[in-house]
Amino acid sequence: IKELERILFDGGERGTYEHYQKVYDGEPLGKFIRGIVGLDIEVAQEHFSEFLNQGTFNANQIKFIDTIIQYLNQNGTIDKNLLDKPPFDDAHEEGILK
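Attention here is on the structure that accompanies the text. What you are looking at is a predicted structure, and each value in this text was computed from that prediction instead of being measured.

The residue after Pro 86, namely Pro 87, is reached through a cis peptide bond having omega 5°. In this structure, Pro 87 sits in the segment after helix H5 (59-75). Positive phi, close to 55°, is recorded for Asp 25, a residue that is not glycine. Of note, Asp 25 is situated in the loop between helix H2 (17-23) and helix H3 (29-37).

With that out of the way, let us pick up H5. Between its first and last C-alpha atoms H5 spans 24 Å; for 17 residues at 1.5 Å apiece the expected length is 24 Å, and the two agree. Against the buried residues of H5 lie helix H4 (41-53). Sitting at the amino-terminal end of H5 is Asn 58, which places a side-chain oxygen 2.9 Å from the backbone nitrogen of Asn 60. Once H5 finishes, Gly 76 follows within two positions and takes phi at roughly 85°, a positive value.

This next bit is on the packing of H4 against H5. The contact between H4 and H5 brings their axes to 10 Å, and the two run at 160°. In terms of orientation, H4 lies roughly antiparallel with respect to H5. The handedness of the crossing between H4 and H5 is right-handed. Residue-level contacts link Ile 41, Ala 44, Gln 45, Phe 48 and Leu 52 of H4 to Ile 62, Ile 65, Asp 66, Ile 69, Gln 70 and Asn 73 of H5. Class assignment for the residues of the contact of H4 with H5 results in 7 nonpolar, 3 polar and 1 charged.

Locating Arg 14 in the fold gives a position in the loop between helix H1 (2-8) and H2. With 37 residues separating them along the chain, Arg 14 and Phe 51 place their C-alpha atoms 39 Å apart. Leaving out residues up to four positions away in the same chain, Arg 14 has contacts with Ile 7, Leu 8 and Phe 9. Within the structure, Arg 14 has its side chain in polar contact with the backbone oxygen of Ile 7 (distance 3.0 Å).

The subject of this paragraph is the packing of aromatic side chains. According to the stated counting rule, one finds 9 aromatic pairs in the structure shown. Aromatic side chains Tyr 24 and Phe 32 sit 4.8 Å apart centroid to centroid with 55° between the ring planes, which places their arrangement in the tilted category. Residue Tyr 24 is classed as partly exposed on the basis of its relative accessible area of 39%. Exposure remark for Phe 32: the relative accessible area of 22% places this residue in the partly exposed category. An aromatic cluster of at least three residues, connected via ring pairs, comprises Phe 9, Tyr 17, Tyr 20, Tyr 24 and Phe 32.

Summed over the entire model, instances satisfying the criterion amount to 3 salt bridges. The salt bridge partner of Glu 3 is Arg 6, with a shortest N-O separation of 2.6 Å. Here the residue Glu 3 and the residue Arg 6 both occupy positions in helix H1, the gap between them amounting to 3 residues, near one helical turn. Classification of Glu 3 as partly exposed rests on a relative accessible area of 44%. Among the salt bridges present, the one from Lys 85 reaches Asp 84, with a minimum N-O distance of 3.2 Å.

Calculation notes
Residues numbered from 1 in each chain as written. Predicted model: local features only at pLDDT ≥ 70, side-chain atom pairs only at ≥ 80, totals over all residues. Heavy atoms only, no water. Helix = DSSP H or I, 4+ residues; strand = E, 2+ residues; numbered from the N terminus. Expected span 1.5 Å × (residues − 1). Contact = heavy atoms within 4.5 Å. Polar contact = N/O pair within 3.5 Å; in protein donor to acceptor, adjacent residues only side chain to side chain. Axes fitted to C-alpha atoms, helices over the stretch in contact; angles between N-to-C directions. Parallel < 35°, antiparallel > 145°, perpendicular 65-115°, else oblique. Left-handed = near helix turned anticlockwise from the far one by under 90°. Nonpolar A, V, L, I, M, F, W, Y, C, P; charged D, E, K, R; others polar. Phe/Tyr/Trp six-rings, centres within 6.5 Å; stacked < 30°, edge-to-face > 60°. Buried < 20%, exposed > 50% of the residue type's maximum accessible area, 1.4 Å probe, protein only. Salt bridge = Lys/Arg side-chain N within 4 Å of Asp/Glu carboxyl O.

This is the structure:
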C-alpha cells in the first residue's frame, strides 16, 4: 500500500495522501481501490480452495465463504456489520454468529 501511495500521490498535480484522506473521510486506500475494481473471482476461489484443503468444513461454512466471495466480487468491500444479515444469514438466522 505504501508503494501505491507513493505512485498515486506525488504532492503536486496528483495531490497528497493527506488530501485524499480529507476528501474521502479517512477511508483506507486499499478499501477505496477494491470498491472500484472489485475482486478477481477466479483468484479468490483459488485461494478459497487452498483454505478448504487445510481443514474440515461443513456445507454451511463453505456456502458462507462462497457468499462472501460473491459479495466482494460485486461490491469490492464488505462491512463486518453485514455478516449477520442477508445474504450471509441464509444458512442460519444468526449468520456468522452461529
